[in-house]
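Examining the three-dimensional arrangement
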Amino acid sequence: MQKFVQVVPLQPIRQTFTYSIPDDLAPVVHIGSRALIPFGRKIITGIIAGFTDNAVEKKIKPLWDILDPEPIWTKEFMDFTEWVANYYLAPWGEVLHAALPQGMAGESGFLVVPIVEDLAERAKLLAKTRAIKRAELLRLVALNPSGISLKTLRNKLQFGGINTAIKEYEDQGLLMLQATDAEQKAKPKFIRMMRIAENLLNDDDLREGMAELEKRSPKKATVLALLYDNHLKDKGGLAVSAIIQRTGASAAALNGLADKGYAVLYKIEIKRSFFTGIPKTPPIYQLNERQLTAINAIASAVLANNFHPFLLHGVTGSGKTQVYIEVIKKVLAKKRSVITLVPEISLTPQLIDRYRAHFGDEVAVLHSRMSIGERYDTWRAVQSGKCNVVIGARSALFAPVKNLGMIVVDEEHESSFKQTDAAPRYNARDCAVVRASMERAAVVLGSATPSLESFYNATAGKYTMLELPERVDNALMPDIVVVDTREARKKKEMHNNISFFLRDQIRVRLQKKEGIILLQNRRGFAPIQQCLDCGAAPECPHCSVTLTFHKVKNQLRCHYCGHSIPAVTACMSCGSTNVKLFGAGTQRVEEDIAALFPDAKIARMDLDTTSHKGAHKEILDTFGSGDADILLGTQMVAKGLDFPRVTLVGVISADTQLHLPDFRASERTFQLLTQVSGRAGRTAAQKGEVVIQTSNPNDEAIKSVVQHDYKGFYADELQKRKELFYPPFSRIILIEFKGKDDKFVQQHANMLKRFITPDGYSEILGPHQPPISKLRDEYRWRILIKNDKEKDGGGTKIRRALQRALDEYTTRYATRAVRVIVDIDPQGV
Ligand code: ADP
Ligand code: ZN
Ligand code: ZN
């Protein structure tokens, strides 16, 4: 038995702390359990990370309590989160915090709440057996129907066995431990139930009991009759609230029945579920040769119990999802579990439906739009092994599955797998590979347009490449036509943003009642309201960007901070009334289409129309069922949708992403256009057509999209990355400095830079200002590091050098006025 434990506080602190183990807690102290620890003057939550015999700290305090008698995480999982912390230079506690569902990381403030009504009597009985402390515990709890704080109990009782006792009573359903912390709202939801006592089930006893009750208390007799009836219908018990409602009996009457032994009060846990509706029955497909090869390759890796990474490169509509499903069947048969990561849950109703059709209640969806309670229940269902097929966005990577067999990362190229807005700034795709390797599982990265990094890894033999080059069921790839909008404008062949060519295609499909998807990757009405006389355009006062015009409210709005002002009628700098709207967002395209086709029903899908829960699904259902003719939207309409009725896809402007200041701009454009094109003509019956409008018809990315030439695009782009020393050849690290004083922020960036020791394997660039140099009233400066992936394998050297520099900088110069954010493998630079 070791003396001390090391605990990781669930805080942004780069350290573990040592605590001693009180005797009464010894049996329940395990790695991977939550513990309450005294920390300064507070009691906070931490995770037990290890045991040790000797401690470096001088004054060691004892653990305060253990929240999970059974560990919630395995040792492998703890190791994995530690790896994430090290790689992304994030505090381990912050990673663990991110891995817990909201509400489980709460601090201090625990309440002990009575559940059964007869605690006071039980306390009296106990007192007779001389279990004085326990009796006193129950008495105090019974006195406080809405709960008594654990701290008060401790102070009053001075009783070493308090944890064990409370846990025992909790298991027996007599009381429960409830966190009062605001964050800790998530707790199991219980309802109180009542059923008839076993010993009354004999007819004679029942008749006797009823007779007796009817004389003294007819209400109670009614309740008993109801309970008996319910028992006969094989339904067990009834909710106390339902009994009261149906019989008009008081709560006291029910307690009386229980006290006299006629009935039993108990509680059950209600599972709050995210799903509505019953799963459909799955269709049966004749899998094709390529699908079978892929399935066998992945399944044998799982059976061999070895880590094995795959890249599943399959064109749009090639049946990738079916490959996942077939492998999952085999994984489940081996009693192992699967995590499927998708870019965004609300855009994935079709995948969830298909999984549910096959795996029913095994499926658990972890979703940020769930209520805290739903999330907590789902998490527990996964943790306890009830659900072994987890689907979720990036944070589902941390799902507490047991016996991980496979992780699927669907649409692995998507940037949303990277967390950018808060630490830990991890990329779930990359971490999935690491988790799989630590838990000896397979990992499948699937995409029609793999990221350059993953494709490079596959060609280099790090990943096994599996290819599905054709669509299922003999469906053909769509024909793609490019319309040069500069030419069309010259020839006066444009209605605002719609070329005559695209207009004619839309008309044909509308007549045939076929589905149309239109992509305009910019929301709002017009991105700029500009003065024709002096060229000024209203900018956000808090961010260095122009404001977007929103027609509905006649407003100018900042898409970065939400700031809005009424639209201007005269120029703010010169007063001219010659102001005009430039560019087009989805709202304006909607207007253009409505003007051309007044009878067409248009469903618009962008951030502005999808703010409420369930909005995505409503819009997609409207379109899928044919109630809307046209689905118009931002990149949301490009992703994973499988609607057989779609035969035309139109891209209003392919240029929106092409010129972004991002080394991945070409790659993003290629991916978006290929993905949206893939929504057309997904059945053999109707070949699809795609119309791409652009003012850059000779761009390599766009040309490759037209030719369905992923490999050509890849080779071309890889060459450029090599020349510019960008990923996959280098690892990018971005250090961002933010603060209200521009000069000061820049100085701090320079200070840190001086502490980074130069070496032969990294280029250190900057500090420079990013394209959006001011955001939400903060000025930004950046240092960019290009680290040689070959010379510095896992990036260990640069991370060590950087950590040293950060430590040095922090001790000497750190100030609240400048925030420093380190982002490893960032997006959008
Ligand atoms: P991807 O994920 O590659 O875009 P999906 O798995 O969504 O492709 O498959 C496209 C469509 O074809 C879906 O409707 C799917 O149900 C169906 N499908 C999948 N496999 C087969 C098959 N072997 N034969 C016929 N249809 C299939
Ligand atoms: Zn002006
Ligand atoms: Zn702003």
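In short, a report on the structure. (Residues numbered from 1 in each chain as written. Chains lettered and ligands numbered in written order. Predicted model: local features only at pLDDT ≥ 70, side-chain atom pairs only at ≥ 80, totals over all residues. Heavy atoms only, no water.)

Right, let's get into the overall build of the chain. Within the chain one finds 25 helices and 37 strands. For the C-alpha atoms alone, the extent of the chain along its principal axes is close to 100 × 65 × 65 Å. Every one of the 829 residues in the chain was classed for burial, and the buried ones make up 54%. Look at the contacts in the chain between residues 6 or more apart in sequence, and 75% of them connect residues 24 or more apart. (Helix = DSSP H or I, 4+ residues; strand = E, 2+ residues; numbered from the N terminus. Buried < 20%, exposed > 50% of the residue type's maximum accessible area, 1.4 Å probe, protein only. Contact = heavy atoms within 4.5 Å.)

By the definition in use, this model includes 40 salt bridges. Between D430 and R429 there is a salt bridge whose closest N-O contact spans 2.8 Å. With a closest N to O distance of 3.7 Å, E487 and K490 form a salt bridge. Highlighted residues: E487 and K490, both in helix 17 (residues 485-490), separated by three residues, approximately one helical turn. Residue class for E487 comes out partly exposed when judged on its relative accessible area of 35%. The structure contains a network of salt bridges with shared partners spanning E736, K738, R780 and R782. (Salt bridge = Lys/Arg side-chain N within 4 Å of Asp/Glu carboxyl O.)

This part is about the site of ligand 1. In the neighbourhood of ligand 1, 16 residues make up the surrounding shell, with Y285, Q291, T321, R354 and D642 lying closest. Here R682 contributes a side-chain N or O atom positioned 3.2 Å from an oxygen atom of ligand 1. About the coverage of ligand 1: the protein hides 85% of its 550 Å² of free accessible area. The dominant element in the shell around ligand 1, judged by the number of residues it contributes, is helix 12 (residues 320-333), at three residues. Across the shell around ligand 1, the residue classes tally to four nonpolar, seven polar and five charged. (Near = heavy atom within 4 Å. Polar contact = N/O pair within 3.5 Å; in protein donor to acceptor, adjacent residues only side chain to side chain. Areas by Shrake-Rupley, 256 points an atom, 1.4 Å probe, with all protein chains shown as cover. Nonpolar A, V, L, I, M, F, W, Y, C, P; charged D, E, K, R; others polar.)

With that settled, consider the sheet that holds strand 19 (residues 464-468). Within a sheet, each strand pairs with its neighbour through backbone hydrogen bonds, oriented either parallel or antiparallel. Strand order in this open sheet of seven strands is 15-16-14-17-18-13-19, and the pairing throughout is parallel. The sheet terminates laterally at strand 15 (363-366) and strand 19, the two strands that pair on one side only. Averaged over all pairs of adjacent strands, the angle between strand axes in this sheet comes to 20 degrees, irrespective of strand direction. As judged from the five bridges shared by strand 14 (residues 337-341) and strand 17 (residues 404-410), these two strands associate in the parallel manner. Paired with I339 across the strands is I407, a residue of strand 17. Of the strands in this sheet, strand 13 (308-314), strand 14, strand 16 (389-392), strand 17, strand 18 (442-447) and strand 19 touch helix 12, which is tilted by about 170 degrees from strand 17. (Pairing = 2+ DSSP bridges. Axes fitted to C-alpha atoms, helices over the stretch in contact; angles between N-to-C directions.)

Surrounding the zinc ion (ligand 2) are the protein donor atoms C531 (SG), C534 (SG), C571 (SG) and C574 (SG), at 2.3 Å. Given four donor atoms and angles of 104 to 114 degrees at the metal, the environment of the zinc ion (ligand 2) is assigned as tetrahedral. Ordering the donors of the zinc ion (ligand 2) by residue number gives the pattern C-x2-C-x36-C-x2-C. Taken together, the positions of C531 in strand 24 (residues 528-531) and C571 in the loop between strand 27 (564-566) and strand 28 (579-582) put the pair 40 residues apart, joining distant regions of the chain. Here the two residues C531 and C571 agree in accessibility, since each one is buried. (Donors = N, O, S within 2.8 Å, 3.2 Å for Na, K, Ca; no water. Tetrahedral: all angles 85-135°; square planar, octahedral: opposite > 155°, others 65-115°.)

For a metal with four tetrahedral donors the ideal donor-metal-donor angle is 109.5 degrees, while six octahedral donors give ideal angles of 90 or 180 degrees. Summarising the metal site, the zinc ion (ligand 3) is bound by the protein donors C540 (SG), C543 (SG), C558 (SG) and C561 (SG), whose distances to it range over 2.3 to 2.4 Å. Because the angles between the four donor atoms bound to the zinc ion (ligand 3) fall within 104 to 112 degrees, the donor set is best described as tetrahedral. Overall, the relative accessible area of 2% leaves C558 in the buried class.

Relative orientation of the contacting elements helix 4 (residues 132-143) and helix 6 (residues 162-171) amounts to 60 degrees, with a least axis distance of 11 Å. On the basis of their axis angle, the class for helix 4 and helix 6 is oblique. The interaxial crossing formed by helix 4 with helix 6 has right-handed handedness. Contacts from R134, L137 and L138 of helix 4 reach helix 6 at A165, I166, E168 and Y169. (Parallel < 35°, antiparallel > 145°, perpendicular 65-115°, else oblique. Left-handed = near helix turned anticlockwise from the far one by under 90°.)

This part is about the environment of W92. Examined against the element boundaries, W92 turns out to sit in helix 2 (residues 92-99). Given a relative accessible area of 14%, W92 falls into the buried group. Those residues in contact with W92 that sit more than four places away from it in its chain are V8, T16, A49, M78, T81, E82 and A85.

Here the focus is unusual backbone geometry. Most peptide bonds take the trans form, and the phi angle of most residues other than glycine is negative. Across the junction of A423 and P424, the peptide omega takes the value -5 degrees, indicating a cis bond. Position of P424 relative to the elements: it lies in the loop between strand 17 and helix 15 (428-438). Of note, the amide linkage connecting P727 to P728 takes the cis form, showing an omega dihedral of 10 degrees. In this structure, N474 is a non-glycine residue whose phi angle is positive, near 65 degrees. Residue placement: N474 occurs in the loop between strand 19 and strand 20 (479-484). Its identity is not glycine, yet K513 carries a phi of approximately 60 degrees, on the positive side. Here K513 is to be found in the loop between helix 18 (500-511) and strand 23 (515-519).

Throughout the structure, instances matching the rule amount to four cavities of 30 Å³ or more. As for the second largest cavity, its lining consists of L519, Q520, N521, V651, S653, A654, T656, Q657, T669, L672 and L673. With three residues, helix 21 (residues 665-677) is the largest single contributor of residues to the lining of the second largest cavity. When the residues that make up the lining of the second largest cavity are grouped by side-chain class, the tally is five nonpolar, six polar and no charged. (1 Å grid on protein atoms, 1.4 Å probe; cavity = no way out; pocket = protein on both sides within 12 Å on 5 of 7 lines; lining within 4 Å. Points joined across faces, edges and corners; volume = space filled by probe spheres on them.)

What follows covers the pairing of strand 31 (residues 646-651). Among the six residues in strand 31, six count as buried, and that is most of the element. Pairing geometry for strand 23 and strand 31, over five bridges, is parallel. Bridge assignment links I517 to a residue of strand 31, and that residue is V649. Bridge count between strand 31 and strand 32 (residues 689-694): four bridges; the pairing is parallel. Residue V649 lies in a different strand from strand 32, and its bridge partner there is V690.

A few words now on the sheet that holds strand 5 (residues 61-62). A sheet is described by the order of its strands in space; here six strands give the open sequence 5-2-1-4-3-6, paired in mixed fashion. The sheet is open, and its two borders are formed by strand 5 and strand 6 (65-66), each paired with just one other strand. Bridge count for strand 1 (residues 4-9) against strand 4 (residues 42-52) is six bridges, and the pairing is antiparallel. Within strand 4, the residue paired with Q6 across the bridge is G50.

Okay, the packing of aromatic side chains next. Per the stated rule, a full pass over the model turns up 20 aromatic pairs. Ring plane angle 65 degrees and centroid distance 5.3 Å describe the contact between Y456 and F729, whose orientation is recorded as edge-to-face. Here Y456 is found in helix 16 (residues 452-459), whereas its partner F729 is found in the loop between helix 23 (710-724) and strand 33 (730-739), with 273 residues between them in sequence. By the ring-pair criterion, three or more aromatic residues cluster together here, those being W73, F77, F80, F398 and Y426. A cation over a ring is seen here: R503 above F500, with NZ or CZ 4.3 Å from the ring centre. The aromatic ring of F582 is capped on one face by K580, whose charged end is 5.3 Å from the ring centroid. (Phe/Tyr/Trp six-rings, centres within 6.5 Å; stacked < 30°, edge-to-face > 60°. Lys NZ or Arg CZ within 6 Å of the ring centre and 35° of its normal.)

Turning next to the environment of S576. For S576, the position within the fold is in the loop between strand 27 and strand 28. In this structure S576 comes out as buried when scored by relative accessible area, which is 12%. Linking S576 and C534, residues 42 residues apart in sequence, is a C-alpha distance of 8.4 Å. Residues contacting S576, with those up to four places away along its chain left out, are C531, D533, T569, A570 and C571.

That is the geometry; function is a separate question.
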